[in-house]
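# A closer look at the structure
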Amino acid sequence: MTDYGHDLRFGAFITPTSQPANHAVDMAIAAEQAGLDLATFQDHPYQQSFLDTSTLLAFVASRTRRIHLAANVASLPLRPPLELARAAATLDVLSKGRFALGIGAGAFWDGIARMGGRTLTPGQGVDALREAIGLIRDSWANMDEPLTRDGAYYPVMNGQRGPRPAHPIPVWVGAYKPRMLTLTGALADGWLPTIEYVDGGRAGIAAGNARIDDSALRAGRSPRDVRRLMNFMRVGMSPAGRGLLQGTAREWTDQLTELALADGISAFIIGGDDPVLLQRFGQDVAPAVREAIERERLVPRHPTSSVPS
């Protein structure tokens, strides 16, 4: 059993398509109206049919009042760290503390290169992300001091910090491979993969958690310091169950409850771009999962947890 004890969050993974132009905005509003906690957007700046995610986030922040927002996840090779930090802090201030920084080392390198981005090896990408996270967090602190850092990828001399975020912005990392999982455990506030891309699917979550936990402990942190989020892309409601999140609302509730208690997942983010599905997720599933988890945590099924208190 691996229940990290985090509060639960439910969200939408929204395609930032440009046709129709307001699709992503309407989906975010639908997610908020459904009572969900998160509206997140893909970030693929080299995809011609997509809106720019940073601009979209700002627009959505102005059209919503409660729901939290994030890229899922920002492409670091096309988002310079200090610019990313400034944009994140600006969004956080203007949205009154509703922004989280989802970030990844980079993918689709041909597309990145076509946009003028730097092509890195997988190992270089991890090192660059490690450097960028430190730089981003530094830029949100010690406002009166100039920012100077040596670095192989992002050296800065007398850089300007700020603005100061409205709240401690969590950094969620999209990670799958061992080095990225190790980085996540050592540095991140959250692990943000997609279940369909995790090696082994549901069965592979335990291995990812174990590597993150081990890395966190070696870095002097607690495994609880890293929230475990998960995207689910192949989802649908149906009278008869056909697999994970492809059945009745009751089956969704049982499956998500088990994922929380057995695999430590505390944020469930669904794709599909279906406002009706978002409504059922927010109104039929989320309250039932929260109730089940609260009940189980009051009387744990397995009194021996692998997570230190």
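Residues numbered from 1 in each chain as written. Predicted model: local features only at pLDDT ≥ 70, side-chain atom pairs only at ≥ 80, totals over all residues. Heavy atoms only, no water.

### Quick look at the pairing of strand 3 (residues 68-71)
Within a regular beta strand, the side chains point alternately toward one face of the sheet and then the other, so they alternate between its two faces. Inclusion rule: Two strands qualify as a pair provided DSSP detects at least 2 bridges between them. Helical segments are the DSSP runs of H or I of at least four residues, strand segments are the runs of E of at least two, and each set is numbered from the N terminus. A clockwise course of the path from the first strand over the helix to the second, judged with the strands pointing away from the viewer, identifies a crossover as right-handed.
Across 4 bridges, the pairing between strand 2 (residues 38-41) and strand 3 is parallel. Residue pairing for strand 3: Ala 39 is matched across the bridge by Leu 69. With helix 2 (residues 53-63) bridging strand 2 and its parallel neighbour strand 3, the resulting β-α-β unit is right-handed.

### Quick word on the nonpolar core
Stated precisely, the cut-off is as follows: Here, nonpolar core refers to any group of buried Ala, Val, Leu, Ile, Met, Phe, Trp, Tyr and Cys residues whose side-chain atoms link them within 4.5 Å. Only protein chains enter the accessibility calculation, which uses a 1.4 Å probe; a residue whose area is less than 20% of its type maximum is buried, one above 50% is exposed, and one in between is partly exposed. Between two residues, a contact is recorded if the distance between any of their heavy atoms is within 4.5 Å.
In terms of nonpolar packing, the biggest core is built from 79 residues, with Val 173, Leu 256 and Phe 268 touching the most fellow members. Look past the residues within four positions of Phe 268 in its chain and what remains in contact with it is Leu 8, Arg 9, Phe 10, Gly 11, Met 230, Phe 232, Leu 256, Leu 259, Ala 260 and Phe 281. Counting 10 residues, the second-largest nonpolar core is a separate cluster that includes Leu 38, Val 73, Leu 192 and Ile 269.

### Some points on the layout of surface pockets
What counts, and what does not: Cavities and pockets are defined on a 1 Å grid built over the protein atoms alone: a cavity is a set of grid points where a 1.4 Å probe fits but cannot escape, while a pocket is an open set with protein on both sides within 12 Å along at least five of seven lines, and lining residues are those with an atom within 4 Å of any such point. Grid points are joined across faces, edges and corners, and a volume is the space filled by probe spheres set on the points. Throughout this entry, Asp, Glu, Lys and Arg are counted as charged residues, while Ala, Val, Leu, Ile, Met, Phe, Trp, Tyr, Cys and Pro are counted as nonpolar. The remaining residues, Gly among them, count as polar.
In this model, the largest pocket occupies a volume close to 930 Å³. Val 73, Gly 106, Ala 107, Phe 108 and Tyr 176 are, among the 34 residues lining the largest pocket, the residues nearest its centre. Here the lining of the largest pocket gets 4 residues from one element, more than from any other, and that element is helix 5 (residues 122-139). Its residues placed into classes, the lining of the largest pocket shows 18 nonpolar, 12 polar and 4 charged.

### A word on the sheet that holds strand 9 (residues 190-191)
Either a parallel or an antiparallel arrangement is found when strands of a sheet pair, and the pairing is made through backbone hydrogen bonds. Here we have 9 strands laid out as an open sheet, ordered 3-2-1-11-10-9-8-5-4, and parallel in their pairing. Edge positions in the sheet fall to strand 3 and strand 4 (74-75), since each has one partner strand and no second. Where strand 9 lies against strand 10 (residues 227-232), 2 bridges are found, and the strand directions are parallel. Pairing of Gly 190 across the sheet is with Arg 227, part of strand 10.

### A look at the pattern of salt bridges
For clarity, the cut-off: Any carboxyl oxygen of Asp or Glu that lies within 4 Å of a side-chain nitrogen of Lys or Arg is treated as forming a salt bridge with it.
Throughout the structure, instances matching the rule amount to 15 salt bridges. The partner of Asp 213 in a salt bridge is Arg 228, with the nearest N and O atoms 2.8 Å apart. Of this pair, Asp 213 sits in helix 7 (residues 205-218) while Arg 228 sits in strand 10, and the two are 15 residues apart along the sequence. One salt bridge connects Glu 291 with Arg 295, and the closest N-O pair in it is separated by 3.8 Å. Of this pair, Glu 291 and Arg 295 both sit in helix 9 (residues 275-298), 4 residues apart, which is roughly one turn of the helix. Through salt bridges with shared partners, a single network forms among Asp 7, Arg 9 and Arg 227.

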